[in-house]
Structures are given as C-alpha cells and as structure tokens.
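Chain by chain, the residues run as shown.
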Amino acid sequence: MKEFGTLYIFELKKILGQRLVLVSLLLGAAMIFGWNLLTFSSTGYYYNVYNAQDGTVERQIANYGAVEAMGRDYLRGLSGQLLDDALMEQLAAEYADSDTGTILSNLGGYSPFSYLNTMLGQEVTAQSFYRDKVRRFEVNQEECLLTDQEVAYWQGKASSLGPFTLDYAGGWQAMARDSGLLCQVAVLLSAMCLCRLFSEEHRTRTDQLVLTSAKGKTTAFWARWAAGCSFAAGLTLVLSGVYILVYGGFYGLDGFSTALRLWSGGTLPLHLSMGGFVLVLLALLVLGGMAMGGLVMLISELLRSAVLALAVPFLLSGITVLGLFQGQGRLVEQVASYLPFSRISTATLHDYFLVPPFQLNAIEFSVPLYVLLALLFGGLCWLCYRKYQVTGR
C-alpha cells in the first residue's frame, strides 16, 4: 500500500505539474464569470409590461439584470409564506396595479405565477393550483414513448407533493439552468489535461523505467489511473465551487430549500429542493467526469494518441449539443441521455424513462452507472496496458 501511495502522489504531481492545469482552471473560471456577466448586462431580454386597465401585456426590451432584480426584491418580500388560498387570493388581487402586475407577469419561471398569468380574470385557489399543476402528472404518453408503468410511477410521485413555501431561488434556478455549461467546461478541460497521460509514455518510451522498477507494472498502472480519476474529480469540484460562488455573487444564494416543483422549468415531480437538485447535479458531474476521464485514458492507452483521446469527448459533446440523438428511437435516446453532457442539464427534468428491471429513474440510475463505467474503463485500460507491455514492443 505504501508503494501505491508513493506512485500515486508521483503521478498526481506529474499531472498537476502541467501548465495546462492552471490554464484550465483560469479558463474555466473566466468562462463561468463571463457567461454571467454577459447574461446580466444583456439588453436584448424581452419582458412583459402589464396594463391593469385592459389586462393586456406588451413585450418590451430591457436589461436582464434589472428585470431579475425586480422579481428578486418582490419574492424576498414573500419569503417564508405558505402558498395557501389566502396568499393565492392576495397575489391575484395585486394584478389590479400595473406596476405590481408587471412584476408578476415576469415571474413565469415560478409555477404559481405562471399559473396566475394563464388564469387572469378567472377564479383561482391554491387547491386548484396544486390539483392541476402540482399533483397531476400530465404528458403525451405516445409522444414521449412512455409505458403505463412509467406514467403510474410519476403520477404517484406527483400526488404526494405540496404544500409549498414561497421564496426567491433565482441563484439555484440559474445554476440548474446553466449546469450544462459547467459540465462542458469541467469534462472537456479535464480531458485536455488527461489525454496525454498514457500516450506520452509510449511516445517517449519512459514507461520502461517504471516497468523495470521494484514496484512493478500493476501498481504503477493503478496508481496512474487513480491519479487521473482523482484529478478529474478534483478539477470538477474546484470549478463547481467557483460556479456556486459566481452565481451566488450575481443572484444570491436564497431559497436553497425552495421546492423544485415551484420552478416551472422542471416537469418531473421530484421530492427535491432547488438547492438540493443543484447539489445532485454537481455530484453526478463529479462521477460523470471521472467516467469520462476514464474513457479518455482508455483511448489514450488503446490508440496511443492524445489527439484521438481528446477528440472523442469533444465529438460526444458536439453531437449532444446538436441533438443528433433525438428522434432515433427510445433505446438510442435513453442510452444517450446518460452521457454527462445530457444528464447534467435541465434535460434531466424531462427524462421520464425508468430503467428496467430496477425501475430506477434517471438520477437514481446514473450514480451506480458512472461508478461502474469508471471501473470498466479502468479494467479495459489495464488489459490494453498489459498486452502492450508483452506484444507492443
């Protein structure tokens, strides 16, 4: 074990010693900060201007940061209030004022206000909101390719939700909404740092120095593999910390415990808070990043090419972003949905497929899947590594 630890530290220092690591950290942080700065300073955001006299809504262009601040201040005033009939009646009455109605019209990202905006001029109650929008799972079963068992599963989840407490959760909403950006940054930057880990030794023939040492090739290989996976997880954790700090600075970290179902951007009736959902995505990103790092190291050893090892995650990322897996049948869509580029995104909130025979939802199944994939890639890489030492010279 001592020999493994010595080699592990040596391999980890070798990875961290690359200038590319510091560049990756700075680039990742700059992209996260720059995206938020660009979003908040954008003046091309459309918002609703409500006219209480005739109940009409006019679309105008405004600064996103100003509109977000307007909704944030209003929701903070409602923080901690239970969404019951009295509060719903109070909210509906506030449409009598144009200024307040304008604020409410731009809070469509929260399901109670989205519901109110579609029910203007009609009688609304909290019970009707819970019954129609929260505790009922509605989806086009044929279009989504769902089985009767899957529909019953999600209906059972939805029927036990509520009641909810209002709060501003813009920071956690934005983190969930932009989690795909963090995934792209973390996975691809990790791949850039790991793609040469095995192929470089083959190119320079320095692996012979390790293989002839007293510690042996088995210990040397698994120490390097563990160092690569640890680096992928560590870089993801660091970037995740930067991600939370940057979004907290722009939006605030209020509303961690606000029910996820209050966010109209998600349709899955999960028993999670908005902050809890973000932490789940970050945990999946760490595991998914380790699995993708394992894939990169496997290709690096198998093909002995850093370029090809780096090309694969970029290719998978591009195919996912372009949506080329969509419309290819349930099997292809379901398999492709477990790529980190799909799973660590708001697409998870629209993934209704269950995994037979376990009947696990997408989030539950992703955890053991990523762990098993990382181990599988490690085992395959070891077989390639061992075979090369015997036949590749």
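Residues numbered from 1 in each chain as written. Predicted model: local features only at pLDDT ≥ 70, side-chain atom pairs only at ≥ 80, totals over all residues. Heavy atoms only, no water.

1. With respect to a nonpolar patch on the surface
Moving on, step 1. On the surface, Val 23, Leu 27 and Met 31 cluster together into a nonpolar patch covering about 240 Å² of accessible area.
Moving on, step 2. Within the secondary structure layout, Met 31 lies in helix α2 (residues 19-41).
Moving on, step 3. For Met 31, a relative accessible area of 37% gives the class partly exposed. (Patch = residues over 30% accessible without salt bridge, like charges linked within 9 Å, V, L, I, M, F, W, Y side chains within 5 Å. Areas by Shrake-Rupley, 256 points an atom, 1.4 Å probe, with all protein chains shown as cover. Salt bridge = Lys/Arg side-chain N within 4 Å of Asp/Glu carboxyl O. Helix = DSSP H or I, 4+ residues; strand = E, 2+ residues; numbered from the N terminus. Buried < 20%, exposed > 50% of the residue type's maximum accessible area, 1.4 Å probe, protein only.)

2. Considering the pattern of salt bridges
Moving on, step 1. In the structure shown here, the tally under the stated rule is 7 salt bridges.
Moving on, step 2. Salt-bridge contacts for Arg 177 lead to Asp 178; the nearest nitrogen and oxygen are separated by 3.2 Å.
Moving on, step 3. What makes Arg 177 partly exposed here is its relative accessible area of 37%.
Moving on, step 4. Put simply, Glu 11, Lys 14 and Arg 224 are held in one network by salt bridges that share partners.

3. Regarding the packing of aromatic side chains
Given two aromatic rings, one states the distance between the centres and the angle between the planes to describe the pair.
Moving on, step 1. One pass over the full model with this rule turns up 22 aromatic pairs.
Moving on, step 2. Ring geometry for Phe 33 against Phe 250: centres 5.6 Å apart, planes inclined by 55°, an arrangement best described as tilted. With Phe 33 in helix α2 and Phe 250 in helix α13 (residues 216-251), this pair connects stretches of sequence that are 217 residues apart.
Moving on, step 3. With a centroid separation of 4.8 Å and an interplanar angle of 75°, the aromatic rings of Phe 40 and Tyr 251 are classed as edge-to-face. One end of the pair, Phe 40, is in helix α2; the other, Tyr 251, is in helix α13, and 211 residues separate them in sequence.
Moving on, step 4. Of the residues examined, Tyr 251 reaches a relative accessible area of 2% and is grouped as buried.
Moving on, step 5. In this structure an aromatic cluster arises from ring pairing among Phe 33, Phe 40, Tyr 64, Tyr 243, Tyr 247, Phe 250 and Tyr 251. (Phe/Tyr/Trp six-rings, centres within 6.5 Å; stacked < 30°, edge-to-face > 60°.)

4. Looking at helix α8 (residues 148-159)
Moving on, step 1. For α8, spanning 12 residues, the distance from its first C-alpha to its last is 16 Å, which sits close to the expected 16 Å at 1.5 Å a residue.
Moving on, step 2. Every buried residue of α8 is accounted for by Glu 150, Trp 154 and Ala 158. Projected down its long axis, α8 shows its buried positions confined to an angular sector of 70°, all on one face. In α8, the exposed positions angled more than 90 degrees off the buried face are occupied by Asp 148 and Gln 149. (Expected span 1.5 Å × (residues − 1). Arc of directions from axis to C-beta.)

5. A short note on the environment of Tyr 95
Moving on, step 1. Counting through the fold element by element, Tyr 95 comes out in the loop between α4 (85-93) and α5 (98-105).
Moving on, step 2. Since its relative accessible area comes to 5%, Tyr 95 is described here as buried.
Moving on, step 3. Tyr 95 sits 105 residues away from Glu 200 along the chain, and the two C-alpha atoms are 66 Å apart.

6. A look at unusual backbone geometry
Moving on, step 1. Backbone torsion omega between Pro 356 and Pro 357 reads 0°, so that peptide bond is classified as cis.
Moving on, step 2. Along the chain, Pro 357 turns up in the loop between α17 (340-343) and α18 (362-391).
Moving on, step 3. Here Gln 359, not a glycine, exhibits a phi torsion of approximately 55°, which is positive.
Moving on, step 4. With respect to the element layout, Gln 359 can be found in the loop between α17 and α18.

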